[in-house]
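Listed below are the residues making up each chain.
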Amino acid sequence: MPAALEAILNSHKNHQCFVMGVLNVTPDSFSDAGKFFDPCAGIEQARTMVSEGADIIDVGAESTRPGSERISPQEQIARLREVLPGLADLGAIVSIDTTRSEVAQFALDTGASIINDVSGGRDDPEMLPLAASYRAPIVLMHMLGQPKTMQADPTYKDVVGEVRQFLAERLEAAAGAGVPRDRCIVDPGIGFGKLLEHNLALLGGLGDLLALGCPVLIGPSRKRFIGELTGEDEPTRRVGGTIGACLMGYQKGASIFRVHDVGQVVAGLKVVRAIDSAISG
Ligand code: HH2
C-alpha cells in the first residue's frame, strides 16, 4: 500500500490530520451546484484544492443532499469518465464518493484508491466484497434513512451511542466481507438524518467513535446546521463555521476533514496543531 494511504489509515494513532477536498461533478449539489459539472472545470478545481493543501480529492457524481433523487450507476460513470483520468496525476489520493459498486469499481480502475460510501456499505451488497478484492480502504458513514427522506423527523434516544453502535455493526459487516478494520475509516455522517442538536452531540462525542479503533472522518462543510447557528443562508458563506467545526472535531479526535474550502481549513488546522505542539513541548 502506498505510504500516503498508510499514513491516512494510521492517522488516528498519532493525531495526524488530512484534508479531503470535495469535488462534486453534479448539476445539483447543495453548495456548488453545477459549478464543476464540466470536466475541465472539475479538474481545475481539484488542482486548486491540491495547491491549497488537499491530501485527498473526493470526487462524487451524485448529490446526496436532503431530498435528492438517486441516479443510476451508468449516469454516475458517464459524469466521471472524463474527470477521473485528469485527477490521477495531481499528486493527491483520489476517493470515490458513491454507494454503487459499479461506480466504485470504475473509479478504482481509473486511479482512485479509497471508496467513500455514505451508506456504510448497505446500498449495494457488492460494495464490501469489492473493497475486499481491491484491498481498497473504505469510508463507512452513518445515515438515518435515505437522502430523500432523512431530514423528515430524525429521532434518537442517544445519538452518539446509536451512531457508534451502527458503525460497530458496519465494521463487523466489512470484516465479514474480507475488509479488515485497519482498512476502514468511520464517519458520523454530519447532516445525514440529523437535527442541529444531533450534529452538535456527534461532533462533541467523536472520542466515543474513535474508540472503534479507526480514523474518524467528518464532513461538516457548509452544511445546514452551520447556517442554523450563524444565520448564514448561503452555503458558500459558511466557511467560518466550517473551520470552527473542523477545529473542534480535530480536538475531539477526528483526523480526516472533508471540506469545500480547503485553503482556509488547512490554515486553521495548522494553527491549532502548532499550539498543540507548543503546549506538549
Ligand atoms: N457529505 C456529503 C457527501 N459525501 N461523505 C462523507 N464521508 N461524509 C460526509 O459528511 C459527506 C459525504 C454532502 O456534501 P456535498 O458533497 O457537498 O453535497 P452533495 O451531496 O449535495 O453533493
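Structure: above.
Parameters and conventions
Residues numbered from 1 in each chain as written. Predicted model: local features only at pLDDT ≥ 70, side-chain atom pairs only at ≥ 80, totals over all residues. Heavy atoms only, no water. Pairing = 2+ DSSP bridges. Helix = DSSP H or I, 4+ residues; strand = E, 2+ residues; numbered from the N terminus. Contact = heavy atoms within 4.5 Å. Axes fitted to C-alpha atoms, helices over the stretch in contact; angles between N-to-C directions. Near = heavy atom within 4 Å. Areas by Shrake-Rupley, 256 points an atom, 1.4 Å probe, with all protein chains shown as cover. Nonpolar A, V, L, I, M, F, W, Y, C, P; charged D, E, K, R; others polar. Parallel < 35°, antiparallel > 145°, perpendicular 65-115°, else oblique. Left-handed = near helix turned anticlockwise from the far one by under 90°. Core = buried A, V, L, I, M, F, W, Y, C linked by side-chain atoms within 4.5 Å. Buried < 20%, exposed > 50% of the residue type's maximum accessible area, 1.4 Å probe, protein only.

With that settled, the discussion passes to the sheet that holds strand S3 (residues 93-97). Across a sheet, paired strands are connected by hydrogen bonds in the backbone, their directions being either parallel or antiparallel. Pairing in this open sheet of eight strands is parallel, and the strands run S6-S5-S4-S3-S2-S1-S8-S7 from one edge to the other. Of all the strands in the sheet, just strand S6 (184-187) and strand S7 (217-218) have a single pairing partner and so form its edges. Examined bridge by bridge, strand S4 (residues 114-117) and strand S5 (residues 138-141) share three bridges and lie parallel to one another. Its bridge partner lying in S5, isoleucine 115 is registered against isoleucine 138. Along the sheet face, helix H2 (residues 39-51) touches strand S1 (18-24) and strand S2 (56-60) and points at about 165° away from the line of S1.

Another aspect to go through is the site of the ligand. In the vicinity of the ligand there are 19 residues, among which Ser29, Ser63, Thr64, Asp187 and His260 approach most closely. For the ligand, whose accessible area on its own is 480 Å², the fraction buried by protein is 98%. For the shell around the ligand, the secondary-structure elements that each account for two or more residues are S1 and S5. When grouped by side-chain class, the residues that make up the shell around the ligand number seven nonpolar, seven polar and five charged.

Further remarks concern the packing of helix H5 (residues 101-109) against helix H6 (residues 127-134). Interhelical geometry of H5 versus H6 gives an angle of 20° and a closest axis separation of 9 Å. Classified by the interaxial angle, the pair formed by H5 and H6 is roughly parallel. Pair H5 / H6 crosses with right-handed handedness. Residues Ser101, Ala104, Gln105, Leu108 and Asp109 of H5 lie in contact with H6, whose contacting residues are Met127, Leu130 and Tyr134. Along the lines of polarity and charge, the residues of the contact of H5 with H6 split into five nonpolar, two polar and one charged.

Turning to the nonpolar core, a few remarks are in order. Counting residues in each nonpolar core, the largest one holds 72 residues, and the members touching the most others are Leu23, Val59, Leu80, Leu87, Ile115, Ile138 and Phe257. With seven residues, helix H7 (residues 159-177) is the single largest residue contributor to this core. Apart from the residues within four sequence positions on either side, isoleucine 115 is in contact with Ile96, Ala104, Leu108, Met127, Leu130, Ala131, Ala136, Pro137, Ile138 and Val139. Among the nonpolar cores identified, the runner-up in size contains twelve residues, and Leu5, Ile8, Leu9 and Val139 belong to it.

Quick look at the environment of aspartate 109 now. Checked against the element boundaries, aspartate 109 lands in helix H5. According to the relative accessible area criterion, aspartate 109 is exposed, its value standing at 52%.

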